[in-house]
Structure formats: C-alpha cells, structure tokens
Amino acid sequence: MTSFAGQQFIGGVRRATGQATLHSVDARTGQVMPGAFHQATDAEVDAAALAAAAAYPTYRALSAGRRADFLDAIAEALDALGADFIETVCRETALPPARIQGERARTSGQLRLFATVLRRGDFAGARIDRAQPQRTPLPRPDIRQCRMGLGPVAVFGASNFPLAFSTAGGDTAAALAAGCPVVFKAHSGHMATAQWVAEAIVAAAERCDMPAGVFNMVFGAAVGEALVKHPAIQAVGFTGSLKGGRALCDMAAARPQPIPVFAEMSSINPVLVLPAALAARGETVARELAASVVLGCGQFCTNPGLVLGVRSPEFSAFVEHLRVQMADQAPQTMLNRGTLASYARGVAALKGLTGVRHLAGGEQQGDQAWPQLFQADVQLLLDGEPLLQEEVFGPATVVVELADQAQLLAALHALGGQLTATLIGEAHDFAEAAPLVAVLEQKAGRVLVNGYPTGVEVCDAMVHGGPYPATSDSRGTSVGTLSIDRFLRPVCYQNFPDALLPEALRDANPLGLLRLIDGQPSRDPIR
C-alpha cells in the first residue's frame, strides 16, 4: 500500500483533513487490524462529488472504445493484485481464499463483459426516423435518438461481496461503462480491501489517460446522506438492508432535484417443492436445499429463506430430512460482528413468534452463526406477518406447509417482491404449474426450475432484481449487462447537422451498429 493509506481518493489525489479515524477488524479474531482510515469530512464529500462532476463532460464524450479499454485495464490491475491482497480480504471478511479468488475472477470478468458491451454498441439504442419533407398535411423532421450517461453516480459498497458488489463491482462497472464517473462509499466492514481495489482503479485510469475525477472514494459510515443529497450526484447504486436502502430512496426523493436510487434490499427467495419431486427425490432435495441455505454462511442476497410445499406424507418426510440435514450443519464465522448480531436478532424474533416452531439449530454461542430451521403456520404467511416477509441475513430458513394448491397460490399472492423464486419438480408437476408460474413472474426477477438460487451468473440475460422490497426499481438489474440501462437516459436530436451528432447516429454509421432506421433494423449507412 502507499504512504497515503487511509485517505480519501478525490480527483486523482489523496486527502485526509478530518480528525476522526476508523479501523478495520479481523472478522475471525475481532482484533483491530493495523492502519487507520480517515472519515471523510463534509468538505471532502463535496470535493469528491465536484471532482466527478468536473470529469463527467470529458468522460462521457470519450468513445465507447476508450471506455472499454479503461474497463479492461481495471480488470487487468485487479487480477494482478497478489497474495497480500487476498490475505487482507480474507482477514476482513472471514471468507476463504478460494471464495475470494473466485469472486475476483467474477469481478474482473464482469468488467471485461461491459467492455464487450461497449465495443458491441447496442447499449446506445440508436434509432433514426428520417425526414419526410413530402408528408402531408405536415412534413416530418429528421429525428434521431440514442442514450447517454446520466452523470456522476454514488455507489455504496456491499458487505457480503467485498469485490463483486463493492469498489470495482457491478454498479461501478455499469456506471463507468455508461459514461458516468463514480463516487464510491467504502463499506466499513472491509475498508482495507476497498483501498487495494481503489488504487488499482486509479492506476488504470492514469494509464488510460482518463479524467482525474472519473473514480473517487470516501471512507466513513456517516457520509452517505451528504453523498446522496449532493446536487452533483445524479443516481445511486446500493446493495444492503431494506432499512438502509429505503432511507436512501427517501433522501433522494426529497432533494430539490429528485434522483433515482437503484437499491437491492431484501428478499426471502421462496422455494416451492412440488409433489412429484417430493415423491421421487425428497431426501435428495432436502440435502441440496440445506447446502444452499448454509452456503457462505447464508450471506447471499439469493439465500432461500422460505420453503413451501403442499401437505402430504411425502412433504412431512421431506421436512424431517431437512431437519436432520440442518441439524448436522456446523456453525460458521460471519462477515463481521455486526452481521452476527443482526442474525442473532432475526433468529430470536422468529423463536419468539407465536405460530413458529424451531426445528433445528444450536443455541447461539461465541462468535459463530449456527444454521437454523423453523416451521411456521400458513396463516402467518396469509396474514402478511412481517417477520415471515423479512430476510434473516444468515443460514436460516422457514418451512410452511400448505393445505392444497389453492392455498399455495394464496400464499404466493401474499408475498412481497423477490429476487428469485424456485420450482423444484418433475415433468408431471410442471404440466400443472402454469398458474404458479403466472404468480411467480409477478413476484420475482428470476424464476428457476430444479436449481438453487445461491449463484448468480454474470451474463447478458441475467436479472438480479425484482419488485419491492427486493429492489427499489423492478425495471432494472444489478447483475448482467442490462444493468447499464440504470445509468443511461435517452436523448433525441431533431434536424441536427451530421457532424454534431453522436457517432452512433451519424449517416455513415462509423461504429457499424445495428440501428433502427425508419422502423427497420439495419447496419447500412444512410445515403
């Protein structure tokens, strides 16, 4: 690390004017790690936002190819970070080296994927309706449209993915791809990790001759409000709790100029185990489901927190198999003490709720989280009991038994929005599943068949989003190339001289894009 360790990244320089300091903690031992991080002052948050605003006109005007080269350079710099970096991430998060190496590959891979999107050019959404001077009763002017970056974006680091949803993660990658400079708020749970990655980003920016304020980073738990309310910020990306995300949405809506907040917040990701699957492989499903619940200590936003099935001897046997599997799971260290405390509160709340039975899981002791299994009366779900709708972030899940298919449909209607919903079934189940799918399509951003939701592929078709409260805006995604759409807006050009148009709209089609011309897709130049 550099001699500027612990300082803010603002406009290509390092600053630390505040007196308050923060410290990273070893997630396994609770010991304070070496080095201090200066909490950003209001003046430093202001400077970071203004640096991003100053960089915006230059950065958004760069060719898509230049921005693609920049993203590739960040990926290369991230991949080059050595063993010291991996060790730092592991200490701050208690995640194993293999997980961190895999997550780094995902992070650099999604940066390269966005570089491919930029070179492909379809993100521009170019549309051209040529002039029709002879049209009656009125001529039609020449009208062209493409999309451009919104402006500076504030990105909040996530606790559970210190790389893929943090400093150089999906929100940052999508914003930079869209032509939007970023002000990143480092997560207090892994500040040293954020510093390593920020230095890699800034080094890549310098190598690629990017404007100095294209990437900025500030430390401090208390800086979020000032960042969201800053007039230079034009959008927010957030992954975290429902309470935190909703607070940011309310702040952004109350600004003199309201701005969009793309917040991924809370999801219980229901799993429906259908009758034929229970009869054919109920014990196997129980084993696979338990493995999904405890994977990564349950610290995934797609962790299956609700299991639904119709009453039958096979379902009862499945619940018993699941109880045995969950009781056999070992405790794990969570990301930090705050996460463990939150998990303990969630488990205690379920244990104290009338109509909920505790089926498996050790008593919370020490600094590790025990996996937990509960069974809840269906009426609680039908009545909209908040504790059954809220995510318990950790290795816990709740089973609910339904009387019949009609009650299952009623329970699904009672659910809030979800990131995922899963059907476990056989061919006979799916022949009768259309009514279930019709409801799940309304409730979730991703519907799975015979898989488990813990695992999000980074690709063009992925949707990691869903109706509220899973996200604040169900029209987008925070994973996959479509996530760039959140940070773009359409601009229409009427009767423009060709030389003043963006390259995507010029007659010669210099970028070779597939464009919609007079309602027909074409790569041809306009002659």
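For the structure, see preceding data.
Residues numbered from 1 in each chain as written. Predicted model: local features only at pLDDT ≥ 70, side-chain atom pairs only at ≥ 80, totals over all residues. Heavy atoms only, no water.

### A word on the pairing of strand β15 (residues 372-376)
As a reminder, the rule being used: Here the term buried applies to any residue with accessible area under 20% of the maximum for its type, exposed to any over 50%, and partly exposed to those in between, with areas from a 1.4 Å probe on protein chains only. Here a strand is any run of E in DSSP of at least two residues, a helix any run of H or I of at least four, and the numbering for each starts at the N terminus. At least two bridges found by DSSP between two strands is the condition for calling them paired.
Counting buried positions along β15 gives 5 out of 5 residues, so the element sits mostly inside the fold. Both faces of β15 are covered, namely the face carrying Q372, F374 and A376 and the face carrying L373 and Q375. Here β15 pairs with strand β16 (residues 396-402) via 5 bridges, running parallel. Bridging across to β16, F374 finds its partner in V398.

### Looking at the nonpolar core
The cut-off we apply is this: Each nonpolar core is a collection of buried residues, namely Ala, Val, Leu, Ile, Met, Phe, Trp, Tyr and Cys, held together in the definition by side-chain atoms within 4.5 Å. Whether two residues are in contact is decided by their heavy atoms: any pair within 4.5 Å suffices.
Judged by nonpolar contacts, the single largest core of 62 residues is most densely connected at F70, L71, I74, F85, F215, M217 and F487. For this core, the secondary structure elements donating two or more residues are α2 (64-80), α3 (83-93), α4 (97-120), β7 (153-156), α5 (170-178), β8 (182-185), α6 (191-207) and β9 (215-218). Here F487 is in contact with M148, G149, L150, V153, D171, A174, A175, A178, C180, A235 and F262, once residues within four sequence places are set aside. Membership of the second largest hydrophobic core comes to 36 residues, among which are I268, V310, A376 and L412.

### Some words on the packing of aromatic side chains
Our working definition: Think of it this way: a Phe, Tyr or Trp ring, Trp meaning its six-membered ring, pairs with another when their centres are within 6.5 Å, and the plane angle makes it stacked under 30 degrees, edge-to-face over 60, tilted otherwise. Placement of a charge over a ring requires the Lys NZ or Arg CZ to be within 6 Å of the ring centre, with the centre-to-atom vector within 35 degrees of the ring normal.
The tally for this structure, following the rule as stated, stands at 9 aromatic pairs. Ring plane angle 70° and centroid distance 6.0 Å describe the contact between F156 and F238, whose orientation is recorded as edge-to-face. Taken together, the positions of F156 in strand β7 and F238 in strand β10 (residues 235-239) put the pair 82 residues apart, joining distant regions of the chain. For the pair formed by F156 and F238, the shared burial category is buried. The rings of F161, F165 and F300 are connected pair by pair, giving a single aromatic cluster. Positioned above the aromatic ring of F9 is the side chain of R14, whose terminal nitrogen or guanidinium carbon lies 3.6 Å from the ring centre. Directly above the aromatic system of F161 lies the positively charged group of R99, at a separation of 4.7 Å from the ring centroid.

### Section: the pattern of salt bridges
How we decide: We define a salt bridge as a side-chain nitrogen of Lys or Arg found within 4 Å of a carboxyl oxygen belonging to Asp or Glu.
Overall, the coordinates contain 23 salt bridges when judged by the stated rule. Between E199 and R14 there is a salt bridge, with its nearest N and O atoms 3.3 Å apart. One end of the pair, E199, is in helix α6; the other, R14, is in strand β2 (residues 13-15), and 185 residues separate them in sequence. Neither E199 nor R14 differs from the other in exposure class; each is buried. For D171, the salt bridge identified is with R486, shortest N-O distance 2.9 Å. A residue pair is termed long-range when its members are at least 10 positions apart, and D171 in helix α5 and R486 in the loop between β18 (444-449) and β19 (488-494) qualify at 315 residues. R486 matches D171 in its accessibility class, with the two residues each being buried. Connected through shared salt-bridge partners, D69, D72 and R119 make up one network.

### Quick word on the sheet that holds β18
Operational definition: In this analysis an axis means a line fitted to C-alpha atoms, helices contributing only their contacting stretch, and an angle means the value between N-to-C directions, from 0 to 180 degrees.
The sheet built from 7 strands is open, its strands ordered β14-β15-β16-β13-β12-β17-β18 with mixed pairing. Strand pairing shows two members of the sheet lacking a second neighbour, β14 (356-360) and β18, which therefore form its edges. The mean inter-strand angle of the sheet, taken between neighbouring strand axes irrespective of direction, is 20°. In the sheet, strand β17 (residues 418-424) pairs with β18 via 5 bridges, with the strands oriented parallel. Counted as the bridge partner of T422 is L448 from β18. Against the sheet, helix α10 (residues 313-327) contacts β12 (270-273), β13 (306-310), β14, β15 and β16, and its axis sits at roughly 170° relative to β16.

### Details of the sheet that holds β19
Strand pairing within a sheet occurs via backbone hydrogen bonds; the two strands may be parallel or antiparallel. Reading across from one edge, β19-β6-β5-β20-β21 is the order of the 5 strands in this open sheet, with mixed pairing throughout. Sheet topology places β19 and β21 (520-522) at the edges, where each strand pairs with a single neighbour. When strand polarity is set aside, the average angle formed by the axes of neighbouring strands in this sheet is 30°. The sheet contact formed by strand β5 (residues 127-129) and strand β6 (residues 143-149) spans 3 bridges and is antiparallel. When the bridges of β6 are listed, I128 appears paired with R144.

### Digging into unusual backbone geometry
With omega at 5°, the peptide bond leading from T136 into P137 counts as cis. Mapped onto the elements of the fold, P137 is located in the loop between β5 and β6. The phi torsion at N450 lies on the positive side, around 50°, for a residue other than glycine. You can see N450 is positioned in the loop between β18 and β19. Judged by its relative accessible area of 38%, N450 falls in the partly exposed class.

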